[in-house]
Amino acid sequence: MVALTRTLSPALAGERLGAVLMAGLLGLGLLFVSGFAPTVALHNAAHDWRHTHNFPCH
Ligand SMILES: [Zn+2]
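Remember, it's a predicted structure, so these values are computed and weren't measured experimentally. (Residues numbered from 1 in each chain as written. Predicted model: local features only at pLDDT ≥ 70, side-chain atom pairs only at ≥ 80, totals over all residues. Heavy atoms only, no water.)

### Quick look at the overall build of the chain
Item 1. Per the secondary structure count, the chain includes 2 helices and 0 strands.
Item 2. In terms of overall dimensions, the chain is more spread out than a globule: its C-alpha atoms have a radius of gyration of 18 Å, far above the 10 Å expected for 58 residues.
Item 3. Seen along its three principal axes, the alpha-carbon backbone of the chain occupies a region of about 60 × 20 × 20 Å.
Item 4. Across the 58 residues of the chain, 10% fall into the buried class.
Item 5. Accessible surface, the chain as shown: approximately 5,100 Å² in total, 72% of it carbon and sulfur. (Helix = DSSP H or I, 4+ residues; strand = E, 2+ residues; numbered from the N terminus. Rg over C-alpha atoms; globule rule 2.2 N^0.38 Å. Buried < 20%, exposed > 50% of the residue type's maximum accessible area, 1.4 Å probe, protein only. Areas by Shrake-Rupley, 256 points an atom, 1.4 Å probe, with all protein chains shown as cover.)

### Regarding a nonpolar patch on the surface
Item 1. A cluster of nonpolar side chains, contributed by Leu-28, Phe-32 and Phe-36, occupies part of the molecular surface with about 340 Å² of accessible area.
Item 2. Along the chain, Leu-28 turns up in helix α1 (residues 10-35). (Patch = residues over 30% accessible without salt bridge, like charges linked within 9 Å, V, L, I, M, F, W, Y side chains within 5 Å. Salt bridge = Lys/Arg side-chain N within 4 Å of Asp/Glu carboxyl O.)

### Considering the packing of aromatic side chains
Item 1. Summed over all chains, the structure comprises 1 aromatic pair.
Item 2. Considering the side-chain rings of Trp-49 and Phe-55, the 6.4 Å spacing of their centres and the 55 degrees angle between planes classify their relative orientation as tilted. (Phe/Tyr/Trp six-rings, centres within 6.5 Å; stacked < 30°, edge-to-face > 60°.)

### Here's the deal with helix α2 (residues 40-52)
Item 1. Helix length check: α2, at 13 residues, gives a terminal C-alpha distance of 18 Å against a target of 18 Å (1.5 Å per residue), a fit within 8%.
Item 2. Trailing α2 by a residue or two, Asn-54 shows a phi angle of about 55 degrees, which is positive. (Expected span 1.5 Å × (residues − 1).)

### Section: the environment of His-53
Item 1. If you trace the backbone, His-53 turns up in the segment after α2.
Item 2. Take His-53: its relative accessible area is 45%, and that puts it in the partly exposed class.
Item 3. Separated by 48 residues in the primary sequence, His-53 and Thr-5 place their C-alpha atoms 33 Å from one another.
Item 4. A distance of 3.0 Å separates a polar side-chain atom of His-53 from the backbone oxygen of Trp-49. (Polar contact = N/O pair within 3.5 Å; in protein donor to acceptor, adjacent residues only side chain to side chain.)

Purely geometric stuff here, so don't read any function into it on its own.
So this is what it looks like as structure tokens:
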């Protein structure tokens with residue numbers, strides 16, 4: 001019988017977690033940077049995204 005699950009080595013699991021955390025940090029950074037951008041259209045886009053996703057705003 002073939003095993004259906006794969007096990008990751010601890011090094012690969014740590015690398016995956018690091019990639020997920022970096023992607024999340026980058027995404028949140030883009031959200032906040034664009035949210036405080038002086039360009040009205042960019043600010044409104046970030047603002048609308050926050051409200052759509054129930055992100056705390058104002
Ligand atoms: Zn708002």
